[in-house]
Amino acid sequence: MENELFKNISSLFIFNNVTPRRLCELLENVSPEFEIFTHGQLIYSPSEFSTKIGFVIKGGCTVERHRSDGTAIPLNSLKAGDAFGVLSAFSTAAEFPTYIKAKKDAQIVFFNKADMLYLVKNEPEIAINIIYFLGNRIAFLNDKISTF
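Note that the structure is predicted; figures quoted are calculated from it, not measured.

Engineer: Please explain unusual backbone geometry as it appears in this structure.
Structural biologist: The phi angle of most residues is negative, glycine excepted, and most peptide bonds adopt the trans form. At Asn 17, a residue that is not glycine, the phi angle is positive and equals roughly 65 degrees. Structurally, Asn 17 can be placed in the loop between helix H1 (3–10) and helix H2 (20–27).

Engineer: What exactly am I supposed to notice about the pairing of strand E3 (residues 52–58) here?
Structural biologist: Within a regular beta strand, the side chains point alternately toward one face of the sheet and then the other, so they alternate between its two faces. With respect to burial, E3 is a largely interior element, five of its seven residues being buried. In this structure, E3 lies alongside strand E8 (residues 106–112), joined through six bridges in antiparallel fashion. Bridging from a neighbouring strand, Lys 58 pairs with Gln 107 of E8.

Engineer: How do you make sense of the sheet that holds strand E1 (residues 33–37) when you look at a structure like this?
Structural biologist: Hydrogen bonds along the backbone pair up the strands of a sheet, which may run parallel or antiparallel. With respect to topology, four strands assemble into an open sheet ordered E1-E8-E3-E6, the strand pairing being antiparallel. Every other strand in the sheet has two partners, leaving E1 and strand E6 (83–84) as the edge strands with one partner each. Bridging between E1 and E8 involves five bridges; their strand directions are antiparallel. Residue Phe 37 lies in a different strand from E8, and its bridge partner there is Ala 106.

Engineer: Before we go on, may I ask you to explain the packing of aromatic side chains in this structure?
Structural biologist: By convention here, two paired aromatic rings are described through the distance between centres and the angle between planes. In this structure the tally under the stated criterion is eight aromatic pairs. Considering the side-chain rings of Phe 13 and Phe 133, the 5.0 Å spacing of their centres and the 20 degrees angle between planes classify their relative orientation as stacked. With a gap of 120 residues between them, Phe 13 in the loop between H1 and H2 and Phe 133 in helix H5 (residues 124–147) connect regions that are remote in the sequence. Under the relative-accessibility criterion, Phe 133 is labelled buried at 15%.

Rules of the game
- Residues numbered from 1 in each chain as written.
- Predicted model: local features only at pLDDT ≥ 70, side-chain atom pairs only at ≥ 80, totals over all residues.
- Heavy atoms only, no water.
- Helix = DSSP H or I, 4+ residues; strand = E, 2+ residues; numbered from the N terminus.
- Buried < 20%, exposed > 50% of the residue type's maximum accessible area, 1.4 Å probe, protein only.
- Pairing = 2+ DSSP bridges.
- Phe/Tyr/Trp six-rings, centres within 6.5 Å; stacked < 30°, edge-to-face > 60°.

Below is the structure:
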């Protein structure tokens, strides 16, 4: 894997406390996909999503929920290192709950569900990092709910 790509991937929170050597071994068995989105481009929506987790490598994204009248409610702003789509990969939900749009030109790396399951099953540190991420998401969403 190219040095720049490895640097971008190795800095993701899911790989905290995973040695570079171990990460190289793991990455030999997965196929991350890099995509570039332009300002305002829709990445995920309730009807258009995949069972992949996206990590912002460069740029930023907005997370919105839409009311029944179509009014967008901003929920979060994602920057380099942040993730989205965890629900689509680790849930049986038929819909994705939010809209993810590129706030500015954004480079995203996607890991599909099978690759994420492989990583979690083969490296306990990755599983722990995802558990912490999900716990923090629950706390964040509880804060958002309390403001409404």
